[in-house]
Amino acid sequence: GEDVEQSLFLSVREGDSSVINCTYTDSSSTYLYWYKQEPGAGLQLLTYIFSNMDMKQDQRLTVLLNKKDKHLSLRIADTQTGDSAIYFCAESYFPSTGGGNKLTFGTGTQLKVEL
Amino acid sequence: GAGVSQSPSNKVTEKGKDVELRCDPISGHTALYWYRQSLGQGLEFLIYFQGNSAPDKSGLPSDRFSAERTGGSVSTLTIQRTQQEDSAVYLCASSLSPTGRATDTQYFGPGTRLTVL
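Just so we're clear, the structure is a prediction, and the values are computed from it rather than from any experiment.

Cut-offs applied
Residues numbered from 1 in each chain as written. Chains lettered and ligands numbered in written order. Predicted model: local features only at pLDDT ≥ 70, side-chain atom pairs only at ≥ 80, totals over all residues. Heavy atoms only, no water. Helix = DSSP H or I, 4+ residues; strand = E, 2+ residues; numbered from the N terminus. Contact = heavy atoms within 4.5 Å. Polar contact = N/O pair within 3.5 Å; in protein donor to acceptor, adjacent residues only side chain to side chain. Pairing = 2+ DSSP bridges. Axes fitted to C-alpha atoms, helices over the stretch in contact; angles between N-to-C directions. Disulfide = S-S within 2.5 Å. Buried < 20%, exposed > 50% of the residue type's maximum accessible area, 1.4 Å probe, protein only. Phe/Tyr/Trp six-rings, centres within 6.5 Å; stacked < 30°, edge-to-face > 60°. Lys NZ or Arg CZ within 6 Å of the ring centre and 35° of its normal.

Chemist: Explain the environment of Gln37(B) to me, please; I cannot follow it from the model alone.
Modeler: On the secondary structure map, Gln37(B) appears in strand β4 (residues 31-38). Excluding its chain neighbours within four sequence positions, the residues that come into contact with Gln37(B) are Gln37(A), Phe88(A), Gly42(B), Leu43(B), Ala88(B), Val89(B) and Leu91(B). Of note is the side chain of Gln37(B), whose polar atom sits 3.0 Å from the side chain of Gln37(A).

Next up, the structure:
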């Protein structure tokens, strides 16, 4: 079955870049996602990348995908205190059973931004 | 417009009782998902609805768990004879596509925190 792993914690100084890493095992994954969860809030989709892409950039966010090593990373440039949250990577294989797009999530990385 | 809403936000119940958790998806969203977030298991898929039918129930952990969706809108997740290991945050998400296309964003609700004493 699928297994998605992340490191649990990351601490950075405000203004520095943050890099959050994720490894996955399902080579049939079609899409890979990054979600952000702030305290008491639901999950917010930040960005996604199709499995045949190597890189995607969206403002301060850069996603890198190494399909050979099954490694995904999220780089946040100029990290701000408002970026403090838990970040989840997720994978999906579409179409999954029944045609839906169920997501398999990683364990989450708690990002702490210090002044 | 309104996002996905869930109620109650918090639920404390005694072991053995039944609970119902409600999800109101974004209006017009035909795909609806339930996930569970717990300390031991992380975030897990439970069930997927396409309209009122549930073609994928593969994540429901036991037959004590059931869910329904009516009118292509509101969904209810029911847990019978709750156990302490059911304690978790139950998250609902909806997306626009009737076929769950991969690029359709899943919008998540704030969740219901269930505590079983």
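Chemist: Sorry, what's going on with the sheet that holds strand β6 (residues 55-58) of chain A here?
Modeler: Residues and elements named next belong to chain A. What the five strands build is an open sheet, ordered β1-β3-β8-β7-β6; its pairing is antiparallel. The sheet is open, and its two borders are formed by β1 (4-6) and β6, each paired with just one other strand. Going from strand to strand, the sheet's axes swing by 15 degrees on average, the running direction of each strand aside.

Chemist: Help me out: how do you make sense of the state of the cysteines in this one?
Modeler: What makes a disulfide is a covalent bond joining the sulfur atoms belonging to two cysteines. Residue and element names in this part refer to chain B. If you walk through the whole model with that rule in mind, you get two disulfides over all chains. The disulfide that involves cysteine 23 links it to cysteine 92, with 1.8 Å between the sulfurs. With the S-S bond torsion at -65 degrees, the cross-link from cysteine 23 to cysteine 92 turns out left-handed. Of this pair, cysteine 23 sits in strand β3 (residues 19-24) while cysteine 92 sits in strand β9 (residues 88-95); the two residues are 69 residues apart in sequence, bridging distant segments of the chain.

Chemist: Whenever I open this one, the pairing of strand β8 (residues 75-79) of chain B confuses me. Can you help?
Modeler: Where a strand is regular, its side chains alternate between the two sheet faces. All names here are of chain B. Here β8 lies mainly inside the structure; five of its five residues are buried. Going residue by residue along β8, you find Ser75, Leu77 and Ile79 tucked away on one face and Thr76 and Thr78 tucked away on the opposite face as well. Here five bridges tie β3 to β8, and the two strands are oriented antiparallel to one another. When the sheet's bridge partners are listed, valine 19 is paired in β8 with isoleucine 79. Pairing of strand β7 (residues 65-69) with β8, which is carried by five bridges, proceeds in the antiparallel orientation. From the neighbouring strand, serine 66 faces β8, where its bridge partner is threonine 78. Hairpin geometry of β7 and β8 is characterised by an intervening segment of five residues between the two adjacent antiparallel strands and by a positive phi of about 60 degrees at glycine 71.

Chemist: Can you walk me through the packing of aromatic side chains in this structure?
Modeler: One pass over the full model with this rule turns up 14 aromatic pairs over all chains. Their ring planes at 65 degrees and their centres at 5.8 Å tell us that Tyr31(A) and Tyr48(A) sit as a pair that is edge-to-face. Residue Tyr31(A) is located in strand β4 (residues 31-37), and its partner Tyr48(A) is located in strand β5 (residues 43-50); the two are separated by 17 residues in the primary sequence. Judged by relative accessible area, which is 13%, Tyr31(A) ranks as buried. Residue Tyr48(A) is classed as partly exposed on the basis of its relative accessible area, which comes to 25%. Each member of the aromatic cluster is reached from another via a ring pair, and the members are Tyr31(A), Tyr33(A), Tyr35(A), Tyr48(A), Phe50(A), Phe88(A), Phe105(A), Tyr33(B), Tyr35(B), Phe45(B), Tyr48(B) and Phe108(B). In this structure, Lys56(A) is placed above the aromatic ring of Tyr48(A), and the distance from its NZ or CZ to the ring centre is 4.0 Å.

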